[in-house]
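So the chains spell out like this:
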Amino acid sequence: MIRRSRLLGGASFAVISLLASSAAEAQQALPTISVGGVRSPVRPGPVGRPVGGPARVTTAAPNPAQPAPPGFSPRKLALPVYRDPTGQTFTTIQGKDFENMPLLSVREMLQYSPGVSFKQGNGPRDIVISIRGSSARNGFGVRNIVLLEDGFSVTQPDGLSRTDLTDPHAYAGVDVYRGPSSALFGNFANGGAINFRTRTGAEIDGVQVGSEFGSFGYLNNFTAIGKHTGNVDIAIFASDVRGDGWTLHNRYDTQTINATARWQVTPNDLLTFKFIHNQLYSDLSSRLSLNQYYLNPYQGGCYALTQLGATNPLGYLNRSLCASANVSLVGLNPSGASSYQTTAFLAGFNRNDRRDVLGLRWEHSFDNNTVWRTQAIYDDKNIIQPTGSTASLQDEPAVNASTDITQFGSLAGFEARHFAGLYFNRTRYTSYTNNTLPFGTGATGALQAKQNAMMQNLGARGREEVALSRDVTLVLGLASEMTKIAAVQDQFTYVNALANPRFAQIATFQSVTANKTYWNFGPEASITWRIVPELLTHFRASSGYGTPNPGQLFVNQQGRPGANTDLKTQRNTGIDIGFDWKPNETLLFSLTGFHEWYQNEQIAQSPGAGLLNYTFNAPGSAHRGIETLADWRPIDGWKVLANYSYNNQIFTDFNEQLAAGGVTTYFNRAGYKIPNVPAHNATARLGYDQPFGDYKGLGAFVEYVYQSSYYLDNANILTIPSYGLVNANIHFDRDLRFWPVKNFSVYFEVRNIFDRTWVASANNITNSVALVNGVVVQNGYAQLAQSGTGSIYAGNPRLFQGGVKFKF
């Protein structure tokens, strides 16, 4: 690692020395990559200021015909540092490209950013988002990425984000930061970050009502209300979404409110208020093994299971078609005579969650060149989740505060922007893990574990952006952070035997304590060089880190509550080299190559159906790949959007411990592919919108989404098949002069036209082993495909969806 750091330092010094001498003249600045066309000019906010901050000043170029250095254009300087950081591998997705299509989840938007992949989590809008494979080993939620809304963090202090609260109809755009980004976003940004930006009141300018409907009972009624008047800008979005799902026992019902208000109190003071509320109830089906997926992907008829053993032909057939969970018949330990094989439908597995986020930001201009930003967030997550053999009950309130200052000036005679800040976040909660019962609507039995936990992060960050010439900008950044976890977990087992006079009394009690402190540093350095006006290149070396969270410290390799307190912080050190080419206003092409070295990468995998995922450290791994994007408008009305990502991720240092019959063996996984990371992802869209005449607003597009096959286990035995999906859309969008209606739009879409069966989500599975002649050997494909349960959800079959919207 020391040798690699010296190599990077030497390379960076050589590049800086070479590029600092460049003084090539240019005619125009290249805009940031923007899926959906060229960025519009800076949007005026209250009293004519850019929305998002008080007034800022740009040093004028000596020659007005010359562009500002990269990162120093008026548009960039009008934004906070985090919004469009110079040197960052970065993509903006414009919401206007998705206005006339059904949107169930943010996947429909984010799939147009290279480097981003997805799988279905536990619920309709619970999308596991990965940047370069960062969250691909998670079964639910988002980890290793920091999520924000309008600059307010919606990642809790333990690193977990959920996309349940994100209705894509609310957003004007999404910013995707790819690669390790802890220098700017702190803990858990080892994969990158995503910032969802809601529409302002000025953009909504009235009232918009819409309704979407389609196959499998899908219905989304939504409203957006917004207005900009005087010094105040207010935007409120609300939606009610319901559906039955295409898999048995997947009904959902979720409501969302998302409000943002901006008040220019004085010419130098801007207040921003943020409120998000989401209520979710969702039935939850169990995950399948690969064989079960091939035989019965949508779990048809899986209402109950015969209790005949696997050696009985009927019992074997039953278990070959349906996912199950092994629970206690009386709510105690799920083993022995009291165990019962139940289904998700019979037990009523579900999620009943509530999330509330309150945020307030104050931005103050000391003078024309200095801005101080301070914000505070209260974030409360309340969950009731009987989702398998156990049920989780938890209320997790959290606070998040930050303050930073940005100043425009000079450094050693060069134009520069200075940034420094402090941040703190903390959560403290009590969670309960109960055994579930085989019948009911998520009924629970005895307490299996109780966890009291506190986690907090305290850090400082700084950043210098220096224009070395009119065409070269250097960025240096650093974050330093202390993370503290103090937690205790009490674990219980019970007397199971009905004949025992102590039946249902506590048989064993164990208390596990974790008091851990982690210190982490995240440096970053980049050079952005505009070689010619049409070509912008960047070289970036950066680091990211992600500490364990309390929940990971108390799940053992059997998927049960237990000690796992030796987990270490995972670190990611990476290099990005890429360019953005924009020869004219109709074409944008971007290409980035990356190589990232992980230390102690946290890998999560499932020991079986109904059990908890456990986490371990892989000492060394390497992530390499290519990301490319194209946005082409060849003729007025025609549009081509496309992106492709290649990921090659392998273990470089990892010995996995497996045991059978009391004999333990280590298997060397060095050189093996990291599971659950598809090598190839691609999305493409060809569309046309009539730009004039009687049919203005009539349009259509066809879309293709591809994902290659990947491994599910560390031994690279079990593979998930690839898929390619074709979707088609037709729509009509027209501004009207029929008071009070300003705009009317209607759209219809067919998804998965060819009705392909595909895997929307697959969790890692643990390799099983057997003792053969005193030697531990790994089981092969046939055994894993049958016994590797608790893994797969099937994606949607062919479905039809449409919608209508009115604006007043």
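Residues numbered from 1 in each chain as written. Predicted model: local features only at pLDDT ≥ 70, side-chain atom pairs only at ≥ 80, totals over all residues. Heavy atoms only, no water.

1. Some words on the state of the cysteines
Evaluated as defined, the whole model comprises one disulfide. At a sulfur-sulfur separation of 2.0 Å, the disulfide partner of Cys302 is Cys322. With the S-S bond torsion at -85 degrees, the cross-link from Cys302 to Cys322 turns out left-handed. One end of the pair, Cys302, is in the loop between helix H6 (290–295) and helix H7 (313–321); the other, Cys322, is in the loop between H7 and strand S14 (325–328), and 20 residues separate them in sequence. Look at Cys302 and you get buried, because its relative accessible area is 4%. Assessed through its relative accessible area of 4%, Cys322 is described here as buried. (Disulfide = S-S within 2.5 Å. Helix = DSSP H or I, 4+ residues; strand = E, 2+ residues; numbered from the N terminus. Buried < 20%, exposed > 50% of the residue type's maximum accessible area, 1.4 Å probe, protein only.)

2. Focus on the pairing of strand S5 (residues 146–149)
Burial along S5 is two-sided: Val146 and Leu148 facing one way and Leu147 and Glu149 facing the other are all buried. Where S5 and strand S8 (residues 192–198) come together, four bridges link them in parallel fashion. Note that in S8 the partner of Leu147 across the bridge is Ile194. As judged from the two bridges shared by S5 and strand S6 (residues 152–153), these two strands associate in the antiparallel manner. Within S6, the position partnered with Glu149 by the bridge is Phe152. Where S5 hands over to S6, the hairpin turn is made up of two residues, of which Asp150 adopts a positive phi near 55 degrees. (Pairing = 2+ DSSP bridges.)

3. Overview of the environment of Thr757
Mapped onto the fold, Thr757 is located in the loop between strand S35 (741–751) and strand S36 (759–762). Expressed as a C-alpha distance, the spacing of Thr757 and Leu725, which sit 32 residues apart in the sequence, is 9.6 Å. Excluding residues that lie within four positions of it along the chain, Thr757 makes contacts with Tyr293, Pro297 and Tyr298. (Contact = heavy atoms within 4.5 Å.)

4. Things to note about empty space enclosed by the protein
Counted by the stated rule, this structure contains 13 cavities of 30 Å³ or more. The calculated volume of the second largest cavity comes to roughly 620 Å³. A per-class count over the lining of the second largest cavity returns 15 nonpolar, 16 polar and six charged. (1 Å grid on protein atoms, 1.4 Å probe; cavity = no way out; pocket = protein on both sides within 12 Å on 5 of 7 lines; lining within 4 Å. Points joined across faces, edges and corners; volume = space filled by probe spheres on them. Nonpolar A, V, L, I, M, F, W, Y, C, P; charged D, E, K, R; others polar.)

5. Focus: the nonpolar core
Membership of the largest hydrophobic core comes to 36 residues, with the highest contact counts inside it found for Leu110, Ile129, Val174, Val176, Ile194 and Phe196. Looking at this core, the elements with two or more residues in it are helix H3 (107–110), strand S3 (116–120), strand S4 (127–131), strand S7 (171–178), S8, strand S10 (218–229) and strand S11 (232–243). When residues no more than four places from it in sequence are discounted, the contact partners of Ile129 are Val106, Leu110, Val116, Ser117, Phe118, Ser134, Ser135, Gly141, Val142, Ile145, Thr163 and Ile194. Formed by 16 residues, the second largest nonpolar core is a distinct cluster that contains Leu290, Ala323, Ile765 and Ala794. (Core = buried A, V, L, I, M, F, W, Y, C linked by side-chain atoms within 4.5 Å.)

6. A look at the pattern of salt bridges
Going through the model one piece at a time under the given rule, you end up with 38 salt bridges. One continuous salt-bridge network, built from bridges that share partners, spans Asp126, Arg162, Asp164, Arg351 and Asp353. (Salt bridge = Lys/Arg side-chain N within 4 Å of Asp/Glu carboxyl O.)

7. As for the side chain of Asn681
Tracing the backbone through its elements, the reader meets Asn681 in strand S30 (residues 680–689). Residue Asn681 is classed as buried on the basis of its relative accessible area of 12%. A distance of 3.1 Å separates the side chain of Asn681 from the side chain of Gln707, its partner in a polar contact. In this structure, Asn681 is in contact with Ser117, Asn643, Tyr644, Ser645, Tyr706 and Gln707, ignoring residues within four places of it in sequence. (Polar contact = N/O pair within 3.5 Å; in protein donor to acceptor, adjacent residues only side chain to side chain.)

8. With respect to unusual backbone geometry
The amide bond that connects Trp739 to the next residue, Pro740, takes the cis arrangement and shows omega of 5 degrees. Along the polypeptide, Pro740 turns up in the loop between strand S34 (723–738) and S35. Residue Arg132 is not a glycine yet carries a positive backbone phi of 55 degrees. In this model, Asp205 sits at a positive phi of 50 degrees, which is unusual for a non-glycine residue.

9. A word on the packing of aromatic side chains
Across all of its chains, the model carries 21 aromatic pairs by this definition. Note on Phe744 and Phe806: the rings are 5.2 Å apart at their centroids and 45 degrees apart in plane angle, and the pair reads as tilted. One end of the pair, Phe744, is in strand S35; the other, Phe806, is in strand S40 (residues 799–807), and 62 residues separate them in sequence. Since its relative accessible area comes to 22%, Phe744 is described here as partly exposed. (Phe/Tyr/Trp six-rings, centres within 6.5 Å; stacked < 30°, edge-to-face > 60°.)

Nothing here speaks to function; it is all geometry.
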